[in-house]
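Structural overview for review
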Amino acid sequence: MVNSARGPANAPGRARIRSRVAEATPQLIGEVARLGLGDADAIPLWYGEGDIPTPHFICDAAHQAMVAGETFYSHKRGLPELRSALSEYMTNLYDRDVGPERVTVTASGMHGILTAMQAILQAGDNCVIVGPVWPNAQAAAEVAGAEVRLVALQAENGVWNLDLDALFASCDQNTRMIFINSPGNPTGWMMEREQQQEILEFSRKHGIWIMSDEVYTRLVYERQVAPSFLDIAEPEDAVIVVNSFSKSWAMTGWRVGWLTHPAWLNHAFNELIEYSVSSVPPFLQKAALVAVTEGEHLVQEIRERCRQGRDIVMSALLEHPKVAVSKPQAAFYAFFQVQGMNDSLDWAKQLFQETKVGVAPGRAFGPEGEGWIRLCFASSKENLNKAMQRLTVFLDRN
Ligand SMILES: Cc1ncc(COP(=O)(O)O)c(C=O)c1O
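Residues numbered from 1 in each chain as written. Predicted model: local features only at pLDDT ≥ 70, side-chain atom pairs only at ≥ 80, totals over all residues.

**Side note on the site of the ligand**
To keep things clear, this is the line we draw: We count a residue as near a molecule or strand when its backbone-placed C-beta atom lies within 6 Å of that partner. When residues are grouped by polarity, Ala, Val, Leu, Ile, Met, Phe, Trp, Tyr, Cys and Pro land in nonpolar, Asp, Glu, Lys and Arg in charged, and all others, Gly among them, in polar.
Lining the immediate environment of the ligand, one finds 13 residues, of which Ser108, Gly109, Met110, Ser244 and Ser246 sit closest. Looking at side-chain class alone, the shell around the ligand contains three nonpolar, nine polar and one charged residues.

In structure tokens form, the structure reads like this:
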């Protein structure tokens, strides 16, 4: 029996896996990370997460809610008290009021993206995505049935820029969504207000959704918060903003995030959440409530830690003659080019094998990411100093 990605050759006629899913390309970061499974000497800077565990004040809230019996199915779009707290948090952060009727709690940012894409995209639609970018958004649009069109940011002297004419030229009458991740993973690119305004006007004129992935919005180093579509969009605009507890509250494993959207999507989200997780576990939501209402000091600490990490990594990379890099203004990644490197996957594997420093190959973020390497600097000074010493030796030698 021969197995193809869609199932064994003798599977009866229609007993097949959907081609979109069967043919999905495995994430390349995992291919490097698998080399280091169970390796105690590895310095893992490949994934997009920090190295501090969730603080006790957040864990305690989950535990208390659990033992108090908050273990039942719950509100589909999130506990009213969490949605109100998120509304207050965003109203304080942005230039406009964001009402709780526009907030939906999801089982992670990723779940929010998939849920919103399932609500909006279908076969025949295209989704225009600005890259290089974290690959999951593209995969989610494809799983939802849409065609993906990538528009490449341009790097000039290591600084990333979006050409708006190229973005608009890639849209046509089948474009239903523009997906933008700013502050960006892996580039650290941050879109400024003027560009957001132009994209919003384009979306209004042509009736195209904007999905703005803002999960790194608090990880900015020269200001308090990144420019957001929530600063400029009206409540009824076709704009969905994705947020998450993962990065800024050290909660990657909890899988809690939220969407901000026009209230007329509530029915669609109620249905889709009912058919996926039914509700985010209430005890996790109670912990998220404590994180957002009492965790501002944590957000600041994480940002400070990342700023220090950025400085350690940048001083080594900027000094090295074989490396081209610019200092990211936001998010927690160094994204750099290495002279003479042709294949980022092979390079990342070789680096790990020789030094135990784990990084992500740029190709994992789309074809325009080839030739680049991503290194996550949300790590301890000790780890980063050690990693940069080893990386420098490797660069000198190869
Ligand atoms: C740009 C971007 N968006 C969304 C996410 C999803 O975060 P989560 O699903 O952990 O909330 C990530 C995680 O790496 C990310 O980098």
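Having seen the model, we can carry on.
**Considerations on the domain arrangement of the protein chain**
So the rule is basically this: Boundaries between domains were set according to an automatic or database domain assignment. Each residue is represented by a C-beta atom placed from its backbone, and any two residues with such atoms within 7 Å are regarded as in contact. A helix here means a DSSP run of H or I that spans at least four residues, while a strand means a run of E at least two residues long, and both kinds are numbered starting from the N terminus.
Segmenting the protein chain into domains produces domain 1 (24-48 + 298-397) and domain 2 (56-294). A C-alpha centroid distance of 26 Å is found between domain 1 and domain 2. Opposite the 27 residues of domain 1 that make contact, domain 2 presents 28 residues. Contributing elements (two or more residues each) for the side of domain 1 that touches domain 2: helix H11 (296-319) and strand E14 (333-338). With seven residues, H11 is the largest single contributor of residues to the side of domain 1 that touches domain 2. Of the residues belonging to the side of domain 1 that touches domain 2, the class tally is 15 nonpolar, seven polar and five charged.

**Focus on the sheet that holds strand E17 (residues 372-376)**
The strands making up a sheet associate through hydrogen bonds between their backbones, and the pairing can be parallel or antiparallel. Note the cut-off: Criterion used throughout: strands pair if DSSP finds at least two bridges between them.
Here we have four strands laid out as an open sheet, ordered E13-E14-E17-E16, and antiparallel in their pairing. Sheet topology places strand E13 (323-324) and strand E16 (360-361) at the edges, where each strand pairs with a single neighbour. The sheet contact formed by E13 and E14 spans two bridges and is antiparallel. Across the sheet, residue Val323 finds its bridge partner in E14, namely Val338.

**Comments concerning the pairing of strand E11 (residues 239-244)**
Under the convention used in this document: Labels follow a simple rule on C-beta atoms placed from the backbone: if 20 or more others lie within 10 Å of a residue's own, it is buried; if 12 or fewer, it is exposed; otherwise it is partly exposed.
Across the six residues that make up E11, a large majority, six, are buried. Side chains Val239, Val241 and Asn243 project from E11 onto one buried face, and the interleaved Ile240, Val242 and Ser244 project onto a second face that is buried too. Summarising the sheet, strand E10 (residues 209-213) and E11 pair through four bridges and their orientation is parallel. When the sheet's bridge partners are listed, Ser212 is paired in E11 with Val241.

**A short note on the environment of Thr91**
When you line up the elements, Thr91 lands in helix H4 (residues 80-93). When the C-alpha positions of Thr91 and Leu230 are compared, they lie 9.3 Å apart, and in sequence the two are 139 residues distant. Beyond its immediate chain neighbours, meaning those up to four positions away, Thr91 contacts Asp97 and Val98.

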